[in-house]
Amino acid sequence: MGVRYSWLDAPASAVADTAKTLLGWRLSANGVAVRLTEVEAYSGLGADPASHAHRGPTNRNQVMFGPAGFLYVYQIYGMHLCANVVCGSPGEAAAVLLRAGAVVDGLETARQRRPAARTAHDLAAGPAKLMQVLALDRSANGTSVVDGTGPATLTPPPDGEKVGDIVAGPRVGVTAAHDVPWRFWIAGDPAVSSYRRHTRRRR
DNA sequence: TATTCGATCCAT
DNA sequence: TGGATCGAATAC
């Protein structure tokens with residue numbers, strides 16, 4: 001059932017293109033919808049040292065090794081959640097991290113969920129902020145975003161909407177593969193996360 | 001079993 | 001710039 005999207009079937013080697021394709025798409029959940037403004041691509045097993053999947057399947061990353069169109073949700077820094085959409089064929093373990101979005105529906109609800117946000121474009125300008133605005137928790141891990149069975153749904157941009165120019169740069173926060181420009185965002189969009197190079201923790 | 005440290009956010 | 005905070009991954 002549900003809608004089939006072409007990016008679901010793209011091979012893991014094309015995950016960077018897949019990531020770019022997702023810019024401008026809508027992700028809606030629990031009464032709030034965002035337009036995706038920033039994403040990052042992670043390729044699969046072995047190929048990408050920055051990927052959670054590059055050392056093989058573990059309890060945490062197992063949904064990355066499943067079929068495309070499902071959410072891989074993980075906790076980071078002991079307190080934040082981030083979500084990826086799995087791409088490619090089962091076993092390829094490619095994924096796109098959803099890094100930021102602009103709230104396009106449910107603005108009041110979004111503001112209530114993120115009182116720390118000072119401006120509208122900061123409501124979902126980061127991967128953990130996005131999760132908070134959409135009220136998604138770790139129970140969303142392993143659910144589909146394309147067949148309506150999960151809490152979140154991904155849909156294409158409205159007909160005629162221009163996505164705008166896409167810019168590429170290094171991925172945020174990762175300690176490996178700093179030179180791989182697999183972060184993509186919509187040029188000039190205010191609702192993107194701020195980049196800070198990974199700072200190693202002092203001892 | 002013990003230790004390390006992160007695909008972050010926020011206040012300073 | 002650093003602190004919060006905890007579980008997955010790695011070291012032992």
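Residues numbered from 1 in each chain as written. Chains lettered and ligands numbered in written order. Predicted model: local features only at pLDDT ≥ 70, side-chain atom pairs only at ≥ 80, totals over all residues. Heavy atoms only, no water.

Quick look at the pairing of strand 8 (residues 183-186) now. On strand 8, burial covers both faces: R183 and W185 on one face and F184 and I186 on the other are all buried. Relative to strand 8, strand 2 (residues 32-42) is paired through three bridges, and the arrangement is antiparallel. The partner of E38 across the bridge, within strand 8, is W185. The sheet contact formed by strand 7 (residues 166-169) and strand 8 spans four bridges and is antiparallel. Bridging across to strand 8, V167 finds its partner in W185. (Buried < 20%, exposed > 50% of the residue type's maximum accessible area, 1.4 Å probe, protein only. Helix = DSSP H or I, 4+ residues; strand = E, 2+ residues; numbered from the N terminus. Pairing = 2+ DSSP bridges.)

The next subject is the protein's contact with DNA strand B. Near DNA strand B, the surroundings consist of 25 residues, among which H52, Y74, H80, N84 and R114 are the closest. Sugar and phosphate atoms constitute 50% of the interface atoms of DNA strand B, taking the interface as everything within 4 Å of the protein. Between H80 and DNA strand B, the recorded distance is 2.9 Å, taken from a side-chain N or O atom to a base oxygen. Between DNA strand B and R114, the relevant distance is 2.2 Å, taken from a phosphate oxygen to a side-chain nitrogen or oxygen of the residue. Elements represented by at least two residues in the surface near DNA strand B include exactly strand 3 (71-76), strand 4 (80-87), strand 5 (94-105) and helix 3 (127-133). (Near = heavy atom within 4 Å. Polar contact = N/O pair within 3.5 Å; in protein donor to acceptor, adjacent residues only side chain to side chain.)

Now for the pattern of salt bridges. In the structure shown here, the tally under the stated rule is eight salt bridges. Two residues, E38 and R99, come together in a salt bridge whose shortest N-O distance is 2.8 Å. Remark: R99 occurs in strand 5 and E38 occurs in strand 2; sequence separation between them is 61 residues. Accessibility classification places E38 together with R99 in one group, the buried group. A salt bridge links K129 to D122, with the shortest nitrogen-to-oxygen separation between them at 2.9 Å. On the basis of relative accessibility, which here comes to 25%, the residue K129 falls in the partly exposed class. (Salt bridge = Lys/Arg side-chain N within 4 Å of Asp/Glu carboxyl O.)

To continue, consider the nonpolar core. Of all hydrophobic cores here, the largest spans 44 residues; its most connected members are W7, V34, V133, L134 and L154. If one sorts the elements of this core by residue count, strand 2 sits on top with five residues. Sequence-distant contacts of L154, defined by excluding residues within four places in its chain, comprise Y5, W7, L22, W25, R26, L27, L36, V85 and V145. Core analysis: the next-biggest nonpolar cluster, separate from the first, contains 15 residues, C82, A95, L97 and V174 among them. (Core = buried A, V, L, I, M, F, W, Y, C linked by side-chain atoms within 4.5 Å. Contact = heavy atoms within 4.5 Å.)

Bringing the side chain of R183 into the picture now. Considering the arrangement of structural elements, one finds R183 in strand 8. Since its relative accessible area comes to 5%, R183 is described here as buried. A polar contact of 3.2 Å, which involves the side chain of R183, links it to the backbone oxygen of S193. Those residues in contact with R183 that lie beyond four places of it in its chain are E38, V39, E40, V167, A168, G169, P170, R171, V172, S193 and Y195.

Interpretation in functional terms is not warranted from these geometric data alone.
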